[in-house]
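Residue strings, one per chain:
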Amino acid sequence: MASRVVDSPAPPCSSTALEFIVLMTQQPLPLPHPSAAHTQPPAPSPTASPGPQPSPRPQEPPPTPATFDDEFSGIDPALMDRFEQGLGRAESAIGRNEPQIRRTLEQLDLDTSPLAALREVQSWIGERRPDLRRRGETIRTTGAEWGAAAATPGGLTPLDEALYGKTTDPDVYAALFALAKTTKDGEIDRKALAQLDQRKGDQTFALALLNALGGNGLRQVLAATVKEKEDKELQPLQAALGKMLGTASPKLTTAWRDELTSDLKQQQEYGISMALMHGTFDATFLLGVAKKIDDWDRNAGVLDGRPAGRPWGRDPMVGVMEALARTPAAAQDFFKNDPSLLKWHLLERNMSDQGVSLGKALEAATLTFRDHEGSPQNPSRGFVSARLASEIVHLEFQRIDEGHDDSRLPPTTTAKILAGYIKDVDRVAATPGNTSVGVYGGDFFKLPGQDPWGAQFARDELRTVMKEAFGDTKAFATVLAAQTGFSKELFDRGAAEIAAGKGDALLTAGAQQAGSAFGMITDAAGLSGIEKGKELDEAQERNVKALLAVVNTGLAIPQAGTWPIAAGVVAAWTGTAEGLLKGDAEDRARDDADTTVEQTRGLVHDLTAQAMLKHGLFGPPETGAENHPWGSLEGLAKGDDPRDNPNNFLKDDGQTLMTTDEMIDDSATNTTEKYQRLDAYRRWLYSGLAGSPWQDAQTVLDTNYSIGFSKYGS
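Everything numeric in this text was worked out from a predicted model, so none of it was measured.

Participant: Would you take a moment to explain unusual backbone geometry for this structure?
Facilitator: Comment: phi is negative for the bulk of residues other than glycine, and the bulk of peptide bonds are trans. Of note, the phi angle at D109 is positive, near 55°, even though the residue is not glycine. By the element assignment, D109 lies in the loop between α3 (77-107) and α4 (116-144). Positive phi, close to 60°, is recorded for Q354, a residue that is not glycine. When you line up the elements, Q354 lands in the loop between α15 (339-348) and α16 (356-367). Judged by its relative accessible area of 59%, Q354 falls in the exposed class.

Dropping the structure here:
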């Protein structure tokens, strides 16, 4: 028979038994639609004479008979319901009547063994009914909710037996049915797409679908979504499948993952990469997939830094790096055990997104995990983070030294990594000689607690890499903001030591280290040796603006507070840098651009004065102490609230300096009122009103800051 309602085995009884069941239920069994061969009229006899021709009149065309091949399987849901219900009545009738028939035969001393056939039929019906109900439900779900193909002219909705055998869930079957069309035709029904998107976070559904589809099946679907360049209609499908893959990834087996990435062909690896752009993945799963795609990519090779034989812009490593960036453990493991891999990506291969995704992955690998656990022989993640940071700077220097100007990393990534290791930048800047590349395990002088593993940088290499990166002012501002935040930490600890009667050794060390770091950073930005009256190039002009913005807002830049520096602190410094570049600092500079040394020295003074106020070295604000700003505020009469005084440059707590920007009143109509608070602050700090606490500290600061800064061309 060409078509069938269901693909079910015949019941284990004779046709007579089945007829008996039907008679008992008084319901006709639904029959399959006849094939075309059974609906054709018989051929006329060759000797038959033609009958009279009817008069012409409009007639309805006869319905087109349905034709099916031997592989077709289809269901009419309404007939399926009737069929299943009829079998149900038959099952009940057998169960109800067979005992009575048996008793009657026994009373007549007749053979009851033939009745076993009835029980076999009853058992067969009981076993088959759930499957019949599921088939009907599957067809209804596939059509109504998932937008599957409509019924054929014969009234049957197609049922793919191969797909049906892979799952017991009607929704999973419907998804498989829809994705099979994508694989074949590169299309997806909007209803099906909406259903997949709705279930992207359902791990049970995602796992069932992906296991039924198989790794190879998913690979074929994803390859079909990227056949045409930038097919926007299929991008939502890539996103839905990517998020679903991420949801299921913790429970997908290694065998499934290997099937996904085995024997990759062009387009397939790109399709998988596009799916990886979405969702968050189990680290072990993602690492395995990323390694396989990277192996494929490296074996394919590059030509002039670009992937060879592959369309530029369809870069499979972009999606891989984006996924790694969202899974820091996988990102770190991806790079840590293969030195050639980091070199490949930093020196040989270009990314089609200008390295943005690579940068994100390296930021995740170097900035997320900071600790001092383990040992060089048994490295912790914090140790690996520091080692990777050191290697990145070294490889960037190697590229520059070999004459290759095109960095594979955005300069902002280099800046974020340096910001995350700003304590190490300070140490290298202040240490005589050239240090080696690797991991540093020492602690900073007198700072509390144990430092995380630090990155060793060769000083000349670090300066060279900084110079290139600081061609981007955002990169310069990020590192400068980080240096300001760390300097706040140094001076805060130094002031605390003085307040505790422990001397100024920490303040002295902090001043030298901050001076060295500010000197190196401003020198790398081309600002430390600007001659008076010299015309600046565009990069210098932008960097001067960033420097002046830091000077004007430095007191508001967050310090780390605790160590190790978390990635969130680095993000805060970067966000601060972005905000600095939106201001108009060049219009409100304290001095000209050729006084960079004095600009940064003034910032150091601000940071130190703030730390001393915080630790009460000028006396408490409530007492009106002689050296406290409120004890020498111009125009403050007895009983007045200093907060209301137009010369006040402290915030309401009496312990916090306003920033330079906050001291300047942009709403004023004359310069006297505009800079009134700023002038009052300078008068207090530099005219002796701050007293010996500040004078002693300033001597230490200026001497040691100048020693540090002078190493870098001021």
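Participant: Mind showing me how you'd approach helix α11 (residues 268-276) here?
Facilitator: Along an α-helix, residues three or four apart share an orientation, since each turn contains 3.6 residues. Along α11, nine of the nine residues are buried, which leaves the element largely enclosed by surrounding structure. Those residues of α11 not exposed but buried are Q268, E269, Y270, G271, I272, S273, M274, A275 and L276. Looking at the packing, one finds that the buried side of α11 touches α8 (203-224), α9 (235-248), α10 (254-261), α12 (283-300) and α13 (316-326).

Participant: Just checking my understanding: could you explain the nonpolar core for this structure?
Facilitator: Generally speaking, a soluble globular protein has its nonpolar side chains buried in company with each other. Counting residues in hydrophobic clusters, the biggest one holds 171 residues, and the most contacted among them are L196, L324, F335 and F470. Here the element with the most residues in this core is helix α21 (residues 473-499); it accounts for 11 residues. If sequence neighbours within four positions are ignored, L196 has contacts with W146, A175, L179, F205, L209, L237, A240 and M244.

Participant: Is there a simple way to explain the packing of helix α14 (residues 328-336) against α16 in this structure?
Facilitator: Axis angle and axis distance: for two packed helices, these are the angle between their axes and the distance between the axes, and together they describe the pair. Between α14 and α16, whose axes approach to 8 Å, the crossing angle comes to 100°. Taken together, the axes of α14 and α16 are roughly perpendicular relative to one another. Across the interface between the two elements, P328, A331, Q332 and F335 of α14 pack against L358, A361, L362, A364 and A365 of α16. Its residues assigned to classes, the contact of α14 with α16 comprises eight nonpolar, one polar and no charged.

Participant: What am I meant to see in the packing of aromatic side chains here?
Facilitator: Note on aromatic pairs: each is described by the distance of the centres and the angle between the planes. Summed over all chains, the structure comprises 11 aromatic pairs. A centroid spacing of 5.9 Å and a plane angle of 40° characterise the contact between Y173 and F177, whose relative ring orientation is tilted. Linking Y173 with F177, this pair stays in helix α6 (residues 170-185), spanning four residues, or about one helical turn. Residue F177 is classed as partly exposed on the basis of its relative accessible area of 21%. Grouping aromatic residues by their ring pairs yields a cluster made of F618, F649, Y681 and W684.

Participant: What is the right way to read the pattern of salt bridges from this model?
Facilitator: Oppositely charged side chains may form a pair once their charged atoms are brought near each other. Taken as a whole and assessed by the stated rule, the structure comprises 32 salt bridges. With its nearest N and O atoms 3.1 Å apart, the salt bridge here joins R643 to D641. According to the relative accessible area criterion, R643 is partly exposed, its value standing at 37%. Several salt bridges converge on common partners, so that one network encompasses E98, R102 and R119.

Analysis parameters
- Residues numbered from 1 in each chain as written.
- Predicted model: local features only at pLDDT ≥ 70, side-chain atom pairs only at ≥ 80, totals over all residues.
- Heavy atoms only, no water.
- Helix = DSSP H or I, 4+ residues; strand = E, 2+ residues; numbered from the N terminus.
- Buried < 20%, exposed > 50% of the residue type's maximum accessible area, 1.4 Å probe, protein only.
- Contact = heavy atoms within 4.5 Å.
- Core = buried A, V, L, I, M, F, W, Y, C linked by side-chain atoms within 4.5 Å.
- Axes fitted to C-alpha atoms, helices over the stretch in contact; angles between N-to-C directions.
- Parallel < 35°, antiparallel > 145°, perpendicular 65-115°, else oblique.
- Nonpolar A, V, L, I, M, F, W, Y, C, P; charged D, E, K, R; others polar.
- Phe/Tyr/Trp six-rings, centres within 6.5 Å; stacked < 30°, edge-to-face > 60°.
- Salt bridge = Lys/Arg side-chain N within 4 Å of Asp/Glu carboxyl O.

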